[in-house]
Amino acid sequence: TGAGATGGAGPLPIPWYLPGSNQLDYGTSDFNREQVFVVSYLWDIPSPHTTNKFVKGVLGNWELTGIVTKETGLAFTVFAGKDVSQTGLNQDRGVYLGGNPYGSTACKSAPCASWLNPAAFGQPAAGTVGNVGKGALTGPGLFNWDMGLFKNILITERWRAQLRGEFFNTFNHTNLTTFTSGGSNSAYPVFTQSSSTFGTILSANDPRIIQLALKVVF
């Protein structure tokens, strides 16, 4: 896979026939997430113990559902963005210069200009391919909590209805992202060192979305 598609290492930065051609190709897989937590639940809320039909009709037959997802970010590689080595492969890596590779401030909203510290990276010297290994850095993780609240209404033995309230990203948490890959939210900063936007993340997933529906079953 090319670097522009997934944040992975792409083809070898050193021609295969030269010594050490695979030295920068060992690292974390593109699809690796160190930690993934997913839990789904369904709670049939108990109806109140009362003989009052109105109270029982309003407060009874409710369901609460939800899916909670928490996962760490995906690995990515820093590229030089120029064919400094003159190998014709255009896969030269950036050079790690030392210090904290990540930005000094947390990313709270998009665009995020501080996921990477640009001062920690540079261009390789002429005729070299850089030193940043495959998957050496990690993008932002994801936290999402979707909820549903359903009210079941019995009309007759044959007819019944369900009032549905659905909440996506219920707590309106900012999840920085660049694209969606394979059904999974995947976030990387701009990882080409020669780019003027190097280290930034320019977009985020959807904010809180609420939708209401009435379902009739007969």
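Calculation notes
- Residue positions are given per chain, counted from 1 along the sequence in the order it is written.
- Only residues with pLDDT of at least 70 get local features here, since the model is predicted, and only at 80 or more are side-chain atom pairs given and counted; chain-wide, interface and lining totals rely on the full set of residues.
- Excluding hydrogens and water, the side-chain values take into account all heavy atoms of the structure.
- Residue exposure (1.4 Å probe, protein chains only): buried if accessible area is under 20% of the type maximum, exposed if over 50%, otherwise partly exposed.
- Counting from the N terminus, the helices are the DSSP runs of H or I reaching at least four residues and the strands are the DSSP runs of E reaching at least two.
- Being paired, for any two strands, means DSSP has found at least two bridges between them.
- Contacts were defined at the residue level, with two residues in contact if any of their heavy atoms lie within 4.5 Å.
- Should a side-chain nitrogen of Lys or Arg be within 4 Å of a carboxyl oxygen of Asp or Glu, the pair is scored as a salt bridge.
- Each patch is built from residues that are more than 30% exposed by relative accessible area and take part in no salt bridge. Like charges join if they lie within 9 Å; nonpolar side chains (Val, Leu, Ile, Met, Phe, Trp, Tyr) join within 5 Å.
- Here the Shrake-Rupley method, with its probe set to 1.4 Å, supplies the accessible areas, and only the displayed protein chains count as covering residues.
- pLDDT: the predictor's confidence for each residue, scored from 0 to 100.
- Residues belong to a common nonpolar core when they are buried Ala, Val, Leu, Ile, Met, Phe, Trp, Tyr or Cys residues joined through side-chain atoms within 4.5 Å.
- Definition of a polar contact: a pair of N or O atoms within 3.5 Å, with one able to donate and the other able to accept a hydrogen when the atoms are protein atoms, and with sequence-neighbouring residues admitted only if both atoms are side-chain atoms.
- Two rings belonging to Phe, Tyr or Trp (six-membered ring only in the last case) form a pair when the distance between their centres is within 6.5 Å. Interplanar angles under 30 degrees mark stacking, angles over 60 mark edge-to-face geometry, and anything in between is tilted.

Caption draft 1: Representation of the pairing of strand S1 (residues 36-45). In terms of burial, S1 is largely open, as just zero of its 10 residues are buried. The sheet contact formed by S1 and strand S2 (residues 62-71) spans 10 bridges and is antiparallel. Opposite valine 38, over in S2, you have threonine 69 as the bridge partner.

Caption draft 2: Representation of unusual backbone geometry. A positive phi angle, close to 65°, is found at asparagine 61, a residue other than glycine. Considering the arrangement of structural elements, one finds asparagine 61 in the loop between helix H2 (53-59) and S2. Judged by relative accessible area, which is 41%, asparagine 61 ranks as partly exposed. Not every positive phi belongs to a glycine, and asparagine 172 is a case in point at roughly 55°. Residue placement: asparagine 172 occurs in the loop between strand S8 (160-168) and strand S9 (176-177). Accessibility expressed as a relative area gives 37% for asparagine 172, which makes it partly exposed.

Caption draft 3: Focus on the environment of phenylalanine 171. Relative to the helices and strands, phenylalanine 171 is located in the loop between S8 and S9. In this structure the C-alpha to C-alpha distance between phenylalanine 171 and isoleucine 209, which are 38 residues apart in sequence, comes to 10.0 Å. Those residues within four positions of phenylalanine 171 in sequence are excluded, and the remaining contacts are Trp145, Met147 and Arg208.

Caption draft 4: Representation of the pattern of salt bridges in the model. Scanning all chains against the criterion turns up three salt bridges. A salt bridge links arginine 33 to glutamate 71, with the nearest nitrogen and oxygen atoms 3.4 Å apart. Remark: glutamate 71 occurs in strand S2 and arginine 33 occurs in the loop between helix H1 (3-6) and S1; sequence separation between them is 38 residues.

Caption draft 5: Here's a closer look at a nonpolar patch on the surface. On the surface, Ile153, Ile155, Trp159, Leu163, Leu214, Val216 and Phe218 cluster together into a nonpolar patch covering about 700 Å² of accessible area. One can find isoleucine 155 in the loop between strand S7 (142-154) and S8. In this structure isoleucine 155 comes out as exposed when scored by relative accessible area, which is 52%.

Caption draft 6: Representation of the confidence of the model for the protein within the structure. Summary statistics for the protein give a mean pLDDT of 86 and a share of 90% for residues scoring 70 or more. Long-range and interchain partners of residues 1-5, a stretch whose pLDDT sits below 50, account for 10 contacts in this model, where long-range means more than four residues apart. Per-residue pLDDT stays below 50 along residues 180-185; that stretch engages in nine contacts with residues further than four places along the chain or on separate chains.

Caption draft 7: Molecular detail of the nonpolar core. Judged by nonpolar contacts, the single largest core of 17 residues is most densely connected at Phe76, Val78, Cys112, Trp115, Leu116, Phe121 and Leu137. In this structure cysteine 112 touches Cys107, Leu176, Gly199, Thr200 and Ile201, once residues within four positions along its chain are discounted.

Caption draft 8: The side chain of threonine 170, seen in detail. With respect to the helices, strands and loops of the structure, threonine 170 is situated in the loop between S8 and S9. Among the polar contacts made by the side chain of threonine 170, one reaches the main-chain carbonyl oxygen of phenylalanine 167 at a distance of 3.3 Å. For threonine 170, the contacting residues outside a window of four places in its chain are Trp145, Asp146, Met147 and Arg208.

Caption draft 9: Representation of the packing of aromatic side chains within the structure. The final tally for this structure, using the stated rule, is nine aromatic pairs. Their ring planes at 55° and their centres at 5.9 Å tell us that tyrosine 96 and phenylalanine 121 sit as a pair that is tilted. Taken as a pair, tyrosine 96 in strand S4 (residues 95-96) and phenylalanine 121 in strand S5 (residues 121-122) lie far apart in primary sequence, 25 residues in all. We classify tyrosine 96 as partly exposed; its relative accessible area is 38%. Here the aromatic cluster, defined as three or more aromatic residues joined through ring pairs, consists of Phe76, Phe79, Tyr188 and Phe191.

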